[in-house]
Amino acid sequence: MHIGIIFYSFSRHTLKVAKKLKEQLISYGYEAGLEQLEPAEPFHLTAPVAELKSIPAISQYDALILASPVHGGRMAGPMAGFLENIPSLNNKPVFCLATHFLPYSMGGRQMIDLMKDACESNGAKIMGFGNVPRLSFRRNIYITKIVDTLKNQLPAKSV
């Protein structure tokens, strides 16, 4: 099982979370790849969509984790740009992940709903969703919970 972690990181928090997710997935025997979204040019955090330098190919992945920081109650512009420009998620299992500074109830929940809707309208099969707060000593607990959810949703890895 090859899992793609597609993410955008503004402050490096989402990058750290993505790397930790990859590390834990590999420790459980999954293959995992990181795909960082890069805006084509500088953008304002208030921009709802950002054009990307390139759109990562997803055909090599059996499942995806899409991770974005919360920007004003919505996903970051580069993640929105990715979801608007990807040809299709064609029944691909997707896990939606929000990273956030403010409490989850102050925009995180709303962002996850928007991300799930965007993925489903593009043909994805939503496996679940989660969040990782920026200022938490329990970051690894949040990440482990996400990995446990994925292990329960994904087919058993072949040995």
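Structure report, in brief. Since the model is a prediction, treat every value here as computed from it, not as a measurement.

Moving on, we come to the overall build of the chain. Regarding its fold elements, the chain presents 4 helices and 6 strands. The C-alpha radius of gyration computed for the chain amounts to 14 Å, which stays within 12% of the reference 15 Å derived for 159 residues, consistent with globular compactness. Along the longest, intermediate and shortest principal axes, the C-alpha atoms of the chain span 45 × 40 × 25 Å. Here the chain holds 159 residues, and the buried ones make up 50% of them. Long-range contacts, defined here as pairs at least 24 residues apart, represent 78% of the contacts in the chain between residues at least 6 apart.

Below, the discussion takes up the pattern of salt bridges. Where side chains of opposite charge bring their charged atoms close, a pairing between them can arise. Here the structure, examined in full by the defined rule, presents 3 salt bridges. Asp 148 is the salt-bridge partner of Lys 151, the closest N and O atoms lying 3.5 Å from each other. Taken as a pair, Lys 151 and Asp 148 lie in helix α4 (residues 139-153) at a separation of 3 residues, close to a single helical turn. Lys 151 gets classed as partly exposed once you look at its relative accessible area, which sits at 27%. A relative accessible area of 30% places Asp 148 in the partly exposed class.

In this structure, the largest pocket occupies an estimated 300 Å³ of space. Around the largest pocket, the lining is made up of 17 residues, and of these Pro 69, Val 70, His 71, His 100 and Phe 101 lie nearest the centre. Elements represented by at least two residues in the lining of the largest pocket include exactly α1 (13-27), β3 (63-71), β5 (93-100) and α3 (104-121). At 3 residues, the largest contribution of residues to the lining of the largest pocket is made by β3. Split into classes, the residues belonging to the lining of the largest pocket amount to 7 nonpolar, 9 polar and 1 charged.

On to the packing of α1 against α4, then. One can describe the packing of α1 onto α4 by two numbers: an axis separation of 10 Å at closest approach and a directional angle of 50°. By the angle class used here, α1 and α4 are oblique. With respect to the hand of their crossing, α1 and α4 are arranged in right-handed fashion. When α1 is examined against α4, the residues His 13, Lys 16, Val 17, Lys 20, Leu 21, Gln 24 and Leu 25 are found in contact with a partner set consisting of Arg 139, Asn 140, Ile 143, Thr 144, Ile 146, Val 147 and Leu 150. Broken down by class, the residue content of the contact of α1 with α4 amounts to 7 nonpolar, 4 polar and 3 charged.

Turning to its location among the elements, Ser 68 is positioned in strand β3. At 2.9 Å, the side chain of Ser 68 and the backbone nitrogen of Ala 76 are in polar contact.

Here the focus is α1. In this model α1 runs 21 Å from its N-terminal to its C-terminal C-alpha over 15 residues, within 8% of the 21 Å that 1.5 Å per residue would give. The complete set of buried residues in α1 reads His 13, Thr 14, Leu 15, Val 17, Ala 18, Leu 21, Gln 24 and Leu 25. The elements touched by buried residues of α1 are β1 (2-7), β2 (31-36), β3, β5, β6 (125-133) and α4. Directly beyond the C-terminal end of α1, a positive phi value near 95° is found at Gly 29.

Calculation rules
Residues numbered from 1 in each chain as written. Predicted model: local features only at pLDDT ≥ 70, side-chain atom pairs only at ≥ 80, totals over all residues. Heavy atoms only, no water. Helix = DSSP H or I, 4+ residues; strand = E, 2+ residues; numbered from the N terminus. Rg over C-alpha atoms; globule rule 2.2 N^0.38 Å. Buried < 20%, exposed > 50% of the residue type's maximum accessible area, 1.4 Å probe, protein only. Contact = heavy atoms within 4.5 Å. Salt bridge = Lys/Arg side-chain N within 4 Å of Asp/Glu carboxyl O. 1 Å grid on protein atoms, 1.4 Å probe; cavity = no way out; pocket = protein on both sides within 12 Å on 5 of 7 lines; lining within 4 Å. Points joined across faces, edges and corners; volume = space filled by probe spheres on them. Nonpolar A, V, L, I, M, F, W, Y, C, P; charged D, E, K, R; others polar. Axes fitted to C-alpha atoms, helices over the stretch in contact; angles between N-to-C directions. Parallel < 35°, antiparallel > 145°, perpendicular 65-115°, else oblique. Left-handed = near helix turned anticlockwise from the far one by under 90°. Polar contact = N/O pair within 3.5 Å; in protein donor to acceptor, adjacent residues only side chain to side chain. Expected span 1.5 Å × (residues − 1).

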